[in-house]
Amino acid sequence: MDEQGGELLRGTLDLLVLRVLAEAPMHGWGIGERLTALSDEVFLVQQGSLYPALQRLRRQGWVQAEWRRSENNRRARYYALTPAGRRRLGIEVEAWRRASGAVERILAWDP
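Now for a description of the structure that goes with this document. (Residues numbered from 1 in each chain as written. Predicted model: local features only at pLDDT ≥ 70, side-chain atom pairs only at ≥ 80, totals over all residues. Heavy atoms only, no water.)

So, the overall build of the protein chain
Then, number 1: Of regular secondary structure, the protein chain possesses 4 helices and 3 strands.
Then, number 2: Ordered by position in the sequence, the α and β elements of the protein chain form the string α-β-α-α-β-β-α.
Then, number 3: Within the protein chain, buried positions represent 32% of all 111 residues.
Then, number 4: Of the contacts formed within the protein chain by residues at least 6 apart in sequence, a portion of 50% connects residues at least 24 apart.
Then, number 5: In the protein chain, 17 positive and 14 negative side-chain charges are present, and the distance between their average locations comes to 11 Å. (Helix = DSSP H or I, 4+ residues; strand = E, 2+ residues; numbered from the N terminus. Buried < 20%, exposed > 50% of the residue type's maximum accessible area, 1.4 Å probe, protein only. Contact = heavy atoms within 4.5 Å. Lys, Arg positive; Asp, Glu negative; His and termini not counted. Charge placed at Lys NZ, Arg CZ, Asp CG, Glu CD.)

Next up, the structure:
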């Protein structure tokens, strides 16, 4: 969701970034594009939300970053999941499934 249609909760964006990085290291623009594509354009991640999330994940030790050359031969910062980030992803996925199941039960409730 973009900033007009609603915001991703901070923890949700962090979870989605960790999940995308579990597949391969990527630069920030690539992460945003991948999230948009995987969500069938439901999530249009703004750079102003993505980069603070990446910095937050770095501070937590769940993501590491290094400068490399991109596909276009431009200098870009690539982000990769750390072992601690992989463990955190598992914890976050479990918590998400538990919470989303509870929300679904509440939405399905028919008094």
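Some points on the pairing of strand β3 (residues 75–81)
Then, number 1: The element β3 is extensively covered by neighbouring structure, given that 5 of its 7 residues are classed as buried.
Then, number 2: Bridge count for strand β1 (residues 26–27) against β3 is 2 bridges, and the pairing is antiparallel. Among the inter-strand pairings, H27 is bridged to a residue of β3, identified as Y78.
Then, number 3: Two strands pair when backbone bridges link them, and strand β2 (residues 63–69) and β3 are joined in this way by 7 bridges, in the antiparallel orientation. (Pairing = 2+ DSSP bridges.)

Details of unusual backbone geometry
Then, number 1: A positive phi angle, close to 55°, is found at D40, a residue other than glycine.
Then, number 2: Residue class for D40 comes out exposed when judged on its relative accessible area of 67%.

Concerning the packing of aromatic side chains
Then, number 1: One pass over the full model with this rule turns up 0 aromatic pairs.
Then, number 2: Cation over ring: R75 sits above W67, and NZ or CZ is 4.2 Å from the ring centre. (Phe/Tyr/Trp six-rings, centres within 6.5 Å; stacked < 30°, edge-to-face > 60°. Lys NZ or Arg CZ within 6 Å of the ring centre and 35° of its normal.)

What to know about the pattern of salt bridges
Then, number 1: By the definition in use, this model includes 5 salt bridges.
Then, number 2: For E66, the salt bridge identified is with R68, shortest N-O distance 2.9 Å.
Then, number 3: With relative accessibility at 33%, the residue R68 sits in the partly exposed group. (Salt bridge = Lys/Arg side-chain N within 4 Å of Asp/Glu carboxyl O.)

A closer look at the side chain of H27
Then, number 1: Tracing the chain through its elements places H27 in strand β1.
Then, number 2: Side-chain polar atoms of H27 contact the backbone nitrogen of G30, separated by 3.0 Å.
Then, number 3: Not counting chain neighbours up to four residues away, the residues in contact with H27 comprise S70, E71, A76, R77, Y78 and Y79. (Polar contact = N/O pair within 3.5 Å; in protein donor to acceptor, adjacent residues only side chain to side chain.)

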